[in-house]
Amino acid sequence: MTSPRHGASSIPALELDGVSRRYGKVAAATSLDLTIGAGELVTVIGPSGCGKSTMLRLIAGLERPDAGSITIAGETAADRRRFQQPERRRVGLVFQDHALFPNLTVGKNVAFGLNRTPAREREKRVAEVLELVRLGHLAARYPHELSGGEQQRVALARALAPRPAVVLLDEPFSSLDETLRGRVRADVVAVLRETGTTGLLVTHDQTEALSVGDRVVVMRDGAIEQVDLPEKVFEQPATRFVASFMGDADFLPAHVHNALLTCEIGVVSTVPGWANCDVDVDVVLRPHEVALSPDPQSPARVVSLEYRGAFLLHHIRLASGRTLRSWQPHQVRYAPGTPVSVTVAAGTTPTLLAGDRAVTAPPNGTAGPATPSSIPSPIATTSR
Ligand SMILES: Nc1ncnc2c1ncn2[C@@H]1O[C@H](COP(=O)(O)OP(=O)(O)OP(=O)(O)O)[C@@H](O)[C@H]1O
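Procedures and definitions
Residues numbered from 1 in each chain as written. Predicted model: local features only at pLDDT ≥ 70, side-chain atom pairs only at ≥ 80, totals over all residues. Heavy atoms only, no water. Axes fitted to C-alpha atoms, helices over the stretch in contact; angles between N-to-C directions. Helix = DSSP H or I, 4+ residues; strand = E, 2+ residues; numbered from the N terminus. Parallel < 35°, antiparallel > 145°, perpendicular 65-115°, else oblique. Left-handed = near helix turned anticlockwise from the far one by under 90°. Contact = heavy atoms within 4.5 Å. Nonpolar A, V, L, I, M, F, W, Y, C, P; charged D, E, K, R; others polar. Pairing = 2+ DSSP bridges. Near = heavy atom within 4 Å. Polar contact = N/O pair within 3.5 Å; in protein donor to acceptor, adjacent residues only side chain to side chain. Areas by Shrake-Rupley, 256 points an atom, 1.4 Å probe, with all protein chains shown as cover. Disulfide = S-S within 2.5 Å. Buried < 20%, exposed > 50% of the residue type's maximum accessible area, 1.4 Å probe, protein only.

## Side note on the packing of helix α4 (residues 148-160) against helix α5 (residues 178-194)
Right, so step 1: Running from N to C, α4 and α5 cross one another at 20 degrees; their axes reach a closest spacing of 10 Å. The angle between α4 and α5 falls in the class roughly parallel. The interaxial crossing formed by α4 with α5 has right-handed handedness. In this structure, α4 contributes Gly149, Gln152, Arg153, Leu156 and Leu160 to the contact, and α5 contributes Leu180, Val184, Asp187, Val188, Val191 and Leu192.
Right, so step 2: Classifying every residue of the contact of α4 with α5 by side-chain character gives seven nonpolar, two polar and two charged.

Given below as C-alpha cells:
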C-alpha cells in the first residue's frame, strides 16, 4: 500500500542518523540511517538476531546509542550529549505479548499513559481510542476476559491514546493464530491509516512486510541492507542477501556481452546500456520468472515438486548441476525426471549482481546506465 497519508507534515516523524549500539562484541546496530515521514507506515524485517528489536528499543529510549542521533518529530531524543527518558519521548509501543496490566480494566489500561491529562479529558480520550479500535463496549472488562485479537487492539488503543509521533510495533501479530492474525492485522493497519499515525512495525513475515509497509527496511547483522518501496525490495533487491531473504531466489552465473545477457539457460534479456562491455555477473531468478516446457531433448530435469497451495513449485536441475525453481499453476505438474526446457518468462527484468551487490551499470564503469530490459516474448533458451 502506498496511499498518501493525511496529517503528513514536512517534519519527519523519526530520524536516525548514524545510530550504533554494541553489546560487548555484538554489533546490534551499526550506523543506522533512517528517515520516516509523518503518517508513513514502515515495516522492518531481517533474520533473528539482526537487530530489529534493538532499533526499536533505541528509538523508545530503552537503550542508549553508543553513537549517532535520534530525532522524534523534530525533537532530539538522543545524541552525544542528550538522552530523553522513554516517558518523555512521543513514542507508543505495541508488543507481541500485548503487555496489558492484568489487574486493570480495559479502560484503565488505556488511560495508563494519560496520567498527566485532566480527568475529564482523559475519559474522553479513552472512549475515543476504544471506539477507534471498536472496543468501546468492553471498557469495563479485564484483559483475561478478552480474546488475543481484542487484547492486541487494546494494546494499540493504549499506545495511541497519548497521540504519539510514532508507534513502534514489535511483531504485534506473531502470538495470534493464522486466521486471527490476518484480521487483527487488517484492523490495526486500518486504525493506523485512519488516524494518520506514523508506524514502525517489526515482523518476521515477508508477506506482511511487503503488504503492510509503505516502505520496507531489510536488516542484516545490525545494519540496514535496503530501505525501499515494497516492490523495489522484491523486484530490485540491492544485495544478494535481500534477493534471497525476500522470497525465493536462485542465482546463475551469467555474462553480458554486446548488451546481451546470457546464462546457462540461454539469452535472458538485453541490457541496453552495456553495449561495450564484456563482464561476468550473476542473474537473480525468482520462481515466477522461470518458465518450463517438456522437451525430451533437454538435459534439464525436474527433480522434485513442492505443493505450495496456490501453486506447484518445481525444482529443476540444469546440465551443470545447478538448480532453479519454477512456479507452475495446479494443472501443470511435471513429474520428477521429466526433461524440460527452461526459459525466462516474458516481461522479466532480472536483477544482476556483481559480487553480492546489485548493479545497474557495468561493474567496470565502461558503459552508460543500464537496466536489463524486459523480454517482450519468450526467447528459445532450452537448457543444454
Ligand atoms: N541486552 C543485551 N545484551 C547482550 N546482547 C544483546 C542484548 N540485546 C540484544 N542482544 C544481541 O544483539 C543482537 C540483536 O538482537 P535483537 O533482539 O535486536 O535482534 P532481533 O532482530 O530483534 O531478533 P529476533 O528476530 O530474534 O527478535 C543479537 O545478537 C542479540 O543476542
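## So, the sheet that holds strand β6 (residues 91-95)
Right, so step 1: Strand order in the open sheet formed by six strands is β6-β7-β8-β3-β9-β10, and the pairing between neighbours is mixed. At either end of the open sheet lies a strand with only one pairing partner, and these are β6 and β10 (223-228). Taking the axes of each pair of neighbouring strands and ignoring which way they run, one obtains an average angle of 20 degrees across the sheet.
Right, so step 2: Relative to β10, strand β9 (residues 215-220) runs antiparallel, the two being bridged by five bridges. By the bridge assignment for β10, Val216 is matched with Asp228.

## Notes on the site of the ligand
Right, so step 1: All residues in the neighbourhood of the ligand are listed as Tyr23, Val26, Ala28, Pro47, Ser48, Gly49, Cys50, Gly51, Lys52, Ser53, Thr54 and His204.
Right, so step 2: Taking Cys50, its main chain carries an N or O atom lying 3.1 Å from an oxygen atom of the ligand.
Right, so step 3: One nitrogen or oxygen atom from the side chain of Thr54 is found 2.5 Å from an oxygen atom belonging to the ligand.
Right, so step 4: A total of 630 Å² of accessible area belongs to the ligand in isolation, and the protein chains cover 59% of it.
Right, so step 5: For the shell around the ligand, the secondary-structure elements that each account for two or more residues are β2 (26-36) and α1 (52-60).
Right, so step 6: Tallying contributions element by element places α1 first for the shell around the ligand, with three residues.
Right, so step 7: Among the residues forming the shell around the ligand, the class breakdown is five nonpolar, six polar and one charged.

## Structural notes on the sheet that holds strand β4 (residues 67-72)
Right, so step 1: In space, the four strands of this open sheet follow the order β2-β1-β4-β5, with antiparallel pairing throughout. On the outer flanks of this sheet lie β2 and β5 (75-78), each paired with one strand and no other. Averaged over all pairs of adjacent strands, the angle between their axes in this sheet comes to 30 degrees, without regard to strand direction.
Right, so step 2: Each of β1 (14-23), β2 and β4 is contacted by α1, which is oriented at about 115 degrees to β1, the strand it contacts most.

## Side note on unusual backbone geometry
Leaving glycine aside, a negative phi is the common case for residues, and trans is the common case for peptide bonds.
Right, so step 1: You will see that Arg134, though not glycine, has its phi angle at about 60 degrees, which is positive.
Right, so step 2: Take Arg134: it is sitting in the loop between α3 (119-132) and α4.
Right, so step 3: Unusually for a residue other than glycine, Asn258 sits at a positive phi of about 50 degrees.
Right, so step 4: Along the chain, Asn258 turns up in the loop between β11 (250-257) and β12 (260-263).

## Some points on the state of the cysteines
Right, so step 1: One pass over the structure, following the stated rule, counts zero disulfides.
Right, so step 2: In this structure Cys277 is not part of a disulfide, and its nearest cysteine sulfur, from Cys263, lies 16 Å away.
Right, so step 3: Note on Cys277: relative accessible area 2%, which makes it buried.

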